[in-house]
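In case you want the letters, here they are:
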Amino acid sequence: MKICLIEPPVPFAQPEEQSYEQNKYLFPNISMGYIGAVLEKEKYDVDIIECPGQNISSKKLYKIIEEKQYDMIGFITYYFDAEFALVNLSRVIQKIKKRVPLAYIFAGGYLASLCPEKLLSEIVGIDCCVIGEAEMTCLELVQHIEQGKNTQDVLGIAYKNQDKIIINEPRHYIENLDELPFPKRAFIHEKYPVATIISSRGCYGKCKFCVDRELYSKNNCFKIRYRSPQNVVAEIEYLVKNHQIKKILFCDDNFLGNSILKKQWLKDFCDLMKEKQLNIIFRIDSRANDVIECKENISLLKEVGLVCIYVGVETFFQEQLDYYGKGVTVEQNIKAIEIVREANLQLKYGFIMLQPYTTLEEISKNIRILKDLEIYKYSHPCQDLHLAGIRRLFAPPGIELNTQLKEQQLESDNKFHYDFVDEKVGLFYTIALEWKERFNKYIPLYYLYNKAELNGSKDVVKQLINGNEEIKKLDLMFTEELCQKILNNEISSKNDSYNLLVTWEDMIKDIFYSYDAIRSLAM
């Protein structure tokens, strides 16, 4: 029984030959890694092919499939730009089916879990969708195929029976995460020794835009599950000793927490990291209120390698925070940013500048607060909040906000699944996208900072940080001026923005060419 798990190629101008070198795909998909590890533990032959991360074009992928003649092939799916993802996946599956017509094809991940009916009805060739937590479902599915059993009684899948789509009963969630083997990693980037780890699954938050919350609900799981500190540190130790990993990105929805249990977990984790003396740095994600509650724990984490915290800020308007179901206040957001800054840690932050009801006045106020906080001085060099004007809410099918938009008759067929109520915000967004095209020619790429940081190139890192700081500040200033000009009716169409765009692009260009390291690395 030969099994292949695939992250499909991303088609661009020439999808058959597209190269993915020098991109953001620095580490493997951890979800596929867990599935692969569970199957290998049961002695199954498993290959994982991650086309973007391993720089595998469509043409090369089809050649591998034809040579290996797999019995089962699984695809990971994402929620972003669902319609585009469907077209891409359909194209790939059709070409693969020509090469292995008898292979059993299944899809998992966000899109397959949240919209199984859409996948099964629109893509020819998919035998089933795996819904929610996939490890045990995939194992049972493989066992059924191998033994010639009918797969229609497997829990946690959806399939098509003639013209009818059947969604089976959900599979119970995995109670003890320590029972899972460490994930199989399809590759470790030789130039960027970075790995991702998940130490927990779930979050107590009720953010209405969160796809992870909906994903776990498919297994009727509404609680947080933790791996033991011993298990997590053992995986870090394995990665350091076997793959020379220097940096860990924790992918937990919320690494911190205000419960007594979680605070003890954090203390035990720090004690073990000190005991093992693992020379790594790491990044965590957290809710703003938990940064405040865990201030003392943050100091301990910094002692064992913490260098960066991602905080889900989203907005500085309480009405918007309530609309998102964040369960935090504006004051808590600002306090969390201050704590990270005072701890001399790098800050990454989630921000949603635009949603269906956003007004230009709200955009202007959010920009002013970001400027007042001098956020550009403290945010991580890879922080993708530059281009503040295009930070837009995603409301894919399957999440609570999408349901609300349907009820309010605001749902649209664009990739964000809604339009703006205020037409001036729509104009602002159109111009901001044009700004993105101009801006991206000069902003240092993500991989440049990682390369310089991990290679210990301190002078280059310093130049990248200084350049990013100046460029991010200018971006906020441009966004603020654009808002004001639209509000004052000085700009009423995209054509009216040409002179403004050129003026600010020249400022970005001047900064870009003033830093030798940025220019030489990016060109």
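Residues numbered from 1 in each chain as written. Predicted model: local features only at pLDDT ≥ 70, side-chain atom pairs only at ≥ 80, totals over all residues. Heavy atoms only, no water.

Let's talk about the packing of helix α8 (residues 229-243) against helix α9 (residues 260-276)
- Put simply, α8 and α9 touch, their axes get as near as 9 Å, and they point 35° apart. The handedness of the crossing between α8 and α9 comes out as right-handed. Residues Pro229, Gln230, Val232, Val233, Ile236 and Glu237 of α8 lie in contact with α9, whose contacting residues are Trp265, Asp268, Phe269, Leu272, Met273 and Lys276. (Axes fitted to C-alpha atoms, helices over the stretch in contact; angles between N-to-C directions. Helix = DSSP H or I, 4+ residues; strand = E, 2+ residues; numbered from the N terminus. Left-handed = near helix turned anticlockwise from the far one by under 90°. Contact = heavy atoms within 4.5 Å.)

Some points on the pairing of strand β1 (residues 2-7)
- Across the six residues of β1, five count as buried, placing the element largely inside the fold.
- Of the strand pairs in this sheet, β1 and strand β3 (residues 72-77) are connected by four bridges, and their pairing is parallel. For Leu5, the partnering residue across the bridge sits in β3 and is Gly74. (Buried < 20%, exposed > 50% of the residue type's maximum accessible area, 1.4 Å probe, protein only. Pairing = 2+ DSSP bridges.)

Quick word on the pairing of strand β4 (residues 104-109)
- In terms of burial, β4 is a largely internal element, six of the six residues being buried.
- Burial of β4 is two-sided: the residues Tyr104, Phe106 and Gly108 facing one way and the residues Ile105, Ala107 and Gly109 facing the other way are all buried.
- Here six bridges tie β3 to β4, and the two strands are oriented parallel to one another. If you follow Ile76 over to β4, its bridge partner there is Gly108.

Digging into the state of the cysteines
- Per the stated rule, a full pass over the model turns up zero disulfides.
- Here Cys138 is not disulfide-linked; the sulfur of Cys128 is the nearest cysteine sulfur, at 7.9 Å.
- Judged by its relative accessible area of 2%, Cys138 falls in the buried class. (Disulfide = S-S within 2.5 Å.)

A look at helix α1 (residues 30-41)
- Here α1 contains twelve residues, and its C-alpha end-to-end distance of 16 Å stays within 8% of the 16 Å for a straight helix at 1.5 Å per residue.
- For α1, the buried fraction is high: nine of the twelve residues fall into the buried class.
- Of the positions making up α1, those classed as buried are Ile30, Met32, Gly33, Tyr34, Ile35, Gly36, Ala37, Val38 and Leu39.
- The backbone nitrogen of Ser31 has a side-chain oxygen 3.0 Å away, supplied by the residue at the start of α1, namely Asn29.
- Of the residues trailing α1, Lys43 is marked for its positive phi of about 70°. (Expected span 1.5 Å × (residues − 1). Polar contact = N/O pair within 3.5 Å; in protein donor to acceptor, adjacent residues only side chain to side chain.)

As for the confidence of the model for the protein chain
- Scored by pLDDT, the protein chain has a mean of 89; 90% of the residues are at 70 or more.
- Long-range and interchain partners of residues 12-22, a stretch whose pLDDT sits below 50, account for 23 contacts in this model, where long-range means more than four residues apart. (pLDDT = per-residue confidence, 0-100.)

Concerning the sheet that holds strand β5 (residues 128-130)
- Judged by pairing direction, the sheet is mixed, and its seven strands sit side by side in the order β2-β1-β3-β4-β5-β6-β7 without closing on themselves. The open sheet is flanked by β2 (45-50) and β7 (164-167), the only strands paired with a single partner. Each neighbouring strand pair of the sheet contributes to a mean axis angle of 20°, computed without reference to strand direction.
- Here helix α2 (residues 58-68) sits on the sheet and contacts β1, β2 and β3; the angle it forms with β1, its principal contact strand, is near 170°.

Quick look at the environment of Val311
- Assignment of secondary structure puts Val311 in strand β13 (residues 306-314).
- Classification of Val311 by relative accessible area gives buried; the value is 0%.
- Remark: the alpha-carbon pair of Val311 and Asn333, spanning 22 residues in sequence, is separated by 8.4 Å.
- Discounting chain neighbours no more than four positions away, the residues touching Val311 are Ser286, Arg287, Ala288, Val291, Ala336, Val340, Leu347, Lys348, Tyr349 and Gly350.

Observations regarding the nonpolar core
- Of all hydrophobic cores here, the largest spans 124 residues; its most connected members are Ile73 and Phe269.
- Tallying contributions element by element places helix α17 (residues 423-439) first for this core, with eight residues.
- Excluding residues within four positions of it along the chain, Ile73 makes contact with Cys4, Ile6, Ile65, Ile96, Val100, Ala103, Tyr104, Ile105 and Phe106.
- The next biggest cluster of nonpolar side chains, apart from the first, holds 29 residues, and it includes Ile35, Val46, Ile48 and Ile174. (Core = buried A, V, L, I, M, F, W, Y, C linked by side-chain atoms within 4.5 Å.)

Focus: the pattern of salt bridges
- For the coordinates displayed, the defined rule picks out 27 salt bridges.
- The salt bridge partner of Glu400 is Arg213, with a shortest N-O separation of 3.3 Å. Here Glu400 is found in helix α16 (residues 400-407), whereas its partner Arg213 is found in helix α7 (residues 211-217), with 187 residues between them in sequence.
- By relative accessible area, which is 29% here, Arg213 ends up partly exposed.
- A salt bridge links Glu505 to Arg438; the nearest nitrogen and oxygen atoms lie 2.6 Å apart. (Salt bridge = Lys/Arg side-chain N within 4 Å of Asp/Glu carboxyl O.)

Re the packing of aromatic side chains
- Overall, the coordinates contain 18 aromatic pairs when judged by the stated rule.
- With 5.7 Å between their ring centres and 85° between their planes, Phe250 and Phe282 make a pair best called edge-to-face. Of this pair, Phe250 sits in strand β11 (residues 247-250) while Phe282 sits in strand β12 (residues 281-286); the two residues are 32 residues apart in sequence, bridging distant segments of the chain.
- We classify Phe250 as buried; its relative accessible area is 1%.
- Relative accessible area serves as the criterion here: at 0%, Phe282 is assigned to the buried category.
- Here Tyr323 and Tyr357 contribute two aromatic rings whose centre-to-centre distance is 6.0 Å and whose plane-to-plane angle is 90°, an arrangement assigned as edge-to-face. With Tyr323 in helix α12 (residues 318-324) and Tyr357 in the loop between β14 (346-351) and α14 (360-372), this pair connects stretches of sequence that are 34 residues apart.
- Ring pairs connect the aromatic residues Phe250, Phe255, Trp265, Phe269 and Phe282, which therefore count as one cluster.
- If you follow Arg225 out to its NZ or CZ, it ends over the ring of Tyr216, 5.5 Å from the centre. (Phe/Tyr/Trp six-rings, centres within 6.5 Å; stacked < 30°, edge-to-face > 60°. Lys NZ or Arg CZ within 6 Å of the ring centre and 35° of its normal.)

Brief notes about unusual backbone geometry
- Despite not being glycine, Gln244 shows a phi value in the positive range, around 55°.
- Of note, Gln244 is situated in the loop between α8 and β11.
- Non-glycine residue Glu374 carries a positive phi angle of around 50°.
- Secondary-structure assignment places Glu374 in the loop between α14 and α15 (375-378).
- A relative accessible area of 29% means that Glu374 is categorised as partly exposed.

With respect to the side chain of Glu314
- Mapped onto the elements, Glu314 comes out in strand β13.
- The buried category is assigned to Glu314, whose relative accessible area is 6%.
- Once residues lying within four places of it in the same chain are set aside, the contact partners of Glu314 are Phe209, Leu321, Tyr324, Lys326, Gly350, Phe351 and Ile352.

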